[in-house]
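Residues per chain, in single letters:
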Amino acid sequence: MTAMFVNLPVTDLERAKGFYTALGFTINDQFTDHNAACVVVEDGHSYFMILVREFLQTFTDLPLGDPAVHPTVATAIFLDSREAVDTTAEAGLAAGGSEARAASDYGFMYQRQLTDPDGNIIELGWMDPVAAAEGPEAFAAQQA
């Protein structure tokens, strides 16, 4: 697999672009118009396509749900440090996001869950490198 695109419905494209750029992501203007914007999460690998609901509806015959009422997916993005998680979450809150739950701290893993202005859930996390490579038990062993 060379790249992953996650399609997210939005009601206000400009507001959504502002939210995602506040998180530190960029917009690829080559794949952006009045219907959609390509949000670069990790260049060459991970992207969000934020699409106005009417345009996203053309991709399926099924009715689109409202993620603010019935979420069906939570996209997790892991960052390099706990501090990066907090900084990014605070930027998202300042840009119109919300945080319905308190941060989760498991010792080996730290997460904050943001909801974008349209109700799409974005989880920001950090995992200890030992735990990421060898599992949570390896992290616990190194703490003992």
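Figured I'd write up the structure that's included with this text. Everything numeric in this text was worked out from a predicted model, so none of it was measured. (Residues numbered from 1 in each chain as written. Predicted model: local features only at pLDDT ≥ 70, side-chain atom pairs only at ≥ 80, totals over all residues. Heavy atoms only, no water.)

### Details of the layout of surface pockets
Left-over empty space is what a probe sized like a water molecule reveals as it rolls over the atoms.
Working step 1: Estimated volume of the largest pocket: approximately 260 Å³.
Working step 2: Around the largest pocket, the lining comprises 15 residues; the ones closest to its centre are Pro9, Pro67, Thr72, Val73 and Asn120.
Working step 3: Ranked by residues supplied to the lining of the largest pocket, first place goes to strand 1 (residues 4–10) with three residues.
Working step 4: Within the lining of the largest pocket, the residues separate by chemical class into eight nonpolar, six polar and one charged. (1 Å grid on protein atoms, 1.4 Å probe; cavity = no way out; pocket = protein on both sides within 12 Å on 5 of 7 lines; lining within 4 Å. Points joined across faces, edges and corners; volume = space filled by probe spheres on them. Helix = DSSP H or I, 4+ residues; strand = E, 2+ residues; numbered from the N terminus. Nonpolar A, V, L, I, M, F, W, Y, C, P; charged D, E, K, R; others polar.)

### Digging into helix 1 (residues 13–22)
Working step 1: For helix 1, the full list of buried residues reads Leu13, Ala16, Lys17, Phe19 and Tyr20. For helix 1, the angular spread of the buried residues around the axis is 160°, confining them to a single face.
Working step 2: One or two residues past the end of helix 1 sits Gly24, with phi positive at roughly 105°. (Buried < 20%, exposed > 50% of the residue type's maximum accessible area, 1.4 Å probe, protein only. Arc of directions from axis to C-beta.)

### Focus: the environment of Asp128
Working step 1: Looking at the element boundaries, Asp128 is found in the loop between strand 8 (121–127) and helix 4 (129–134).
Working step 2: Aside from chain neighbours lying at most four places away, what touches Asp128 is Phe108, Phe139 and Gln142.
Working step 3: Within the local environment of Asp128, its side chain forms a polar contact with the backbone nitrogen of Val130, the two atoms lying 2.9 Å apart. (Contact = heavy atoms within 4.5 Å. Polar contact = N/O pair within 3.5 Å; in protein donor to acceptor, adjacent residues only side chain to side chain.)

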